[in-house]
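A structural walkthrough
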Amino acid sequence: MNRKVTDSAIQLIRRGYAAQSSTSHCPRRKIKRFTRAPRIDFSSIHEANDAIRLFRWMTTMSPQPTALVYTKLLNIIAKMEEYNAALSMFDEMRRLGIAVNEYTMTIAINCYCLVNRVDLSFAILGSFFKNGYEPCVRTFTSLLKGLYSVGKVSEAGILFQKVLRSNLCEPDDVMILTAINGLCKAGQTLTGLHLLQVLENTVYKPNVYSYSSVIDGLCNNGMVDDALHLLFRMSEKGITPNVVTYNSIIRGLCNFGRWNELKYLLLIGMVDHKVSLDLFTFNILVDAFCKERKIGDAEYVLELMVQKNVCPDIFTYTSLIDGYCSQGEMDKAKGVFDSMKERGLKHSIISYNSLIDGYCKNGNVDEALRLFDEIPRTGLEHTTISYNTIIHGLFHEGRFADGWKVFKDMETRKVNPDLHTYSILMECLCRNKQITEAFYFLSLMEEKGITPDIVTYRILIEGLCKAGKSDIASNLLDQLPSKGLQPNVEIYTMILGSLSLQGLDEDANSLLVEMERCGSAPKCVRYNVIIQNLLKKNELYLAKSVLKAMHSRGFSADSTTLSMLLDKLHKEGRDGSLLEMIKKVVPFLKK
């Protein structure tokens, strides 16, 4: 609730109290008409101010409404999610000496928890015991939710254990779910699983929702086998999985490409339990198939949705757009995009971004720009992702001036650049050997509180190496551990190649020793992969330096590397140094 409504609530409440005070000296004959309390019409409440006006009037009534009536009014405001207004009313009730009961205080506790003031919730809990009331299960459930919402996970665990051990209340399904789900959402899924197992051996049996929460947490942490085991166990205990349970498992199996188990789960498990696939199930499948470039399977799922009278939503169509774009089928992607409007679905910025990204990756930046310019006219606003996509697309096509123009527009419209934005800009500058300008953006990132990652430094190191500044690249490499970053083989290889190219063999050898000490030294297979990747990128000078390092470590080139080297030798013409290096790393050519 906004501050304006809260202030209005407090002012209305206090004006009501002032009105009550000013009429307290009226002649007795004028008060007689209030001796019989009129009926209070709660149906007239449509917004917070209506409830507050009613509260103001109620405080002037004689006899006063009961605590039950005030509690009902307070509950109505809380259900409107006007928590601050409800709390202002609760405070005014206590100030005026209006009776409150355990239900009134439970509503106030819940409201304080929902505005992240758990400390004040526990203060009210003290009033429970002081006035001889016993908190109910709803009271403790609200406190648990409040503790989890402010990240006090261990305190929530202690409270729940105290409820169980001291029999403070009888935990119900909602409270058990709150305790387990809070742990899973906080990333403590194994603790949640342990609590579930403990409760299985008590009279407080977890229900399907509690099992589903743990299963979802296990799948989110990649523990799909444990999730499947728990699914079978709950079935053995006579607890029927619901569609939410299956959706978590299906997503987990899709994420790890376990298609055969997925088919078994869909065809056997869900059919046996008579669980129908819902929109979320279909969307998980469409999205997974599109990401795996199984477009035919995604289209089949779409047909199945129509047969089952499940209407595809914007998420379904956006996944299909992504799938077609990944296959380079831009006409089909555009067809899906256009059909959304025909089906009564309004385009989102995500669907626009997907299509723009597809056009950029498939070399049609002009069409991507047309869509980008269309976005504001539809009432949508460009996001950081929109700008990142189009800037990267323009830079990739060598349209640097246009890319920087878009970035200036991004700054003008006050759309905040993120880590990816700066990485795109720095990569462009390094490609054009504007290393000083790239380092300026590195400083700018840090000033704005954006922490550069290993990709950022890889871009800078690659730019330095290609500019022949291997000494600065080496210094930057040495700084990475102090920034909490671990250099990878790709970064080492860049510097290694640059050092070798400049004839700095001793430095190159020292770097290899450093790589071995850090456990990053390439093995035989890795050397071959590195060389193959360099040859694919036509970076022959780097490939030669890695070949030299490979030979010094006693490794040999495999058949794929040899084939690529010979092909390169044929295309480049006679290259004596390359031929000699090939002979050294290919065993049967040494003889």
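Criteria and thresholds
Residues numbered from 1 in each chain as written. Predicted model: local features only at pLDDT ≥ 70, side-chain atom pairs only at ≥ 80, totals over all residues. Heavy atoms only, no water. Helix = DSSP H or I, 4+ residues; strand = E, 2+ residues; numbered from the N terminus. Expected span 1.5 Å × (residues − 1). Buried < 20%, exposed > 50% of the residue type's maximum accessible area, 1.4 Å probe, protein only. Contact = heavy atoms within 4.5 Å. Salt bridge = Lys/Arg side-chain N within 4 Å of Asp/Glu carboxyl O. pLDDT = per-residue confidence, 0-100. Axes fitted to C-alpha atoms, helices over the stretch in contact; angles between N-to-C directions. Parallel < 35°, antiparallel > 145°, perpendicular 65-115°, else oblique. Left-handed = near helix turned anticlockwise from the far one by under 90°. Nonpolar A, V, L, I, M, F, W, Y, C, P; charged D, E, K, R; others polar.

**Details of helix H10 (residues 173–185)**
- The end-to-end C-alpha distance of H10, which contains 13 residues, comes to 18 Å, matching closely the 18 Å that a straight helix rising 1.5 Å per residue would cover.
- Inspection of H10 places Met-175, Ile-176, Thr-178, Ala-179, Ile-180, Gly-182, Leu-183 and Cys-184 among the buried residues, and these make up the whole buried set.
- Contact partners of the buried residues in H10: helix H8 (137–149), helix H9 (153–166), helix H11 (189–200) and helix H12 (208–220).
- Among the residues trailing H10, Gly-187 stands out with phi positive, at a value near 85 degrees.

**Examining the pattern of salt bridges**
- In total, this model carries 19 salt bridges according to the counting rule given.
- Linking Lys-332 and Glu-329 is a salt bridge whose minimum nitrogen-to-oxygen distance equals 3.3 Å.
- Ionic pairing is found between Arg-370 and Glu-367, a salt bridge with its closest N-O pair at 2.8 Å. Highlighted residues: Arg-370 and Glu-367, both in helix H21 (residues 365–374), separated by 3 residues, approximately one helical turn.
- Connected through salt bridges with shared partners, the residues Asp-225, Arg-258 and Glu-261 form a single ionic network.

**Description of the environment of Lys-294**
- Structurally, Lys-294 can be placed in the loop between helix H16 (279–291) and helix H17 (295–307).
- Lys-294 gets classed as partly exposed once you look at its relative accessible area, which sits at 29%.
- When the C-alpha atoms of Lys-294 and Gln-327 are compared, they prove to be 9.8 Å apart, with 33 residues separating the residues in sequence.
- In contact with Lys-294, not counting residues within four places along its chain, are Trp-259 and Phe-289.

**A word on the confidence of the model for the chain**
- A residue-level look at the chain finds 86% of positions with pLDDT of 70 or above and a mean pLDDT of 84.
- Confidence drops under pLDDT 50 across residues 12–35; counting only partners more than four residues distant or on other chains, this segment forms 24 contacts.

**Some remarks on unusual backbone geometry**
- Cis geometry marks the peptide bond from Ser-62 to Pro-63, where omega comes out at 5 degrees.
- Inspection of the secondary structure puts Pro-63 in the loop between helix H3 (48–58) and helix H4 (67–79).
- Backbone geometry places Glu-81, a non-glycine residue, at a positive phi of 65 degrees.
- Along the polypeptide, Glu-81 turns up in the loop between H4 and helix H5 (83–95).
- Assessed through its relative accessible area of 52%, Glu-81 is described here as exposed.
- Unlike most non-glycine residues, Lys-414 shows phi in positive territory, near 60 degrees.
- As for its placement among the helices and strands, Lys-414 is situated in the loop between helix H23 (400–412) and helix H24 (419–431).
- The class for Lys-414 is exposed, based on a relative accessible area of 71%.

**Details of the packing of H12 against helix H13 (residues 224–236)**
- Viewed as axis vectors pointing N to C, H12 and H13 meet at an angle of 165 degrees, and their least axial separation amounts to 8 Å. Taken together, the axis directions place H12 and H13 in an arrangement best described as roughly antiparallel. Between H12 and H13 lies a crossing whose hand is left-handed. On H13, the residues that touch Val-208, Tyr-211, Val-214, Ile-215, Leu-218 and Cys-219 of H12 are Val-224, Asp-226, Ala-227, Leu-230, Leu-231 and Met-234.
- Residue composition of the contact of H12 with H13, by class: 11 nonpolar, no polar and 1 charged.

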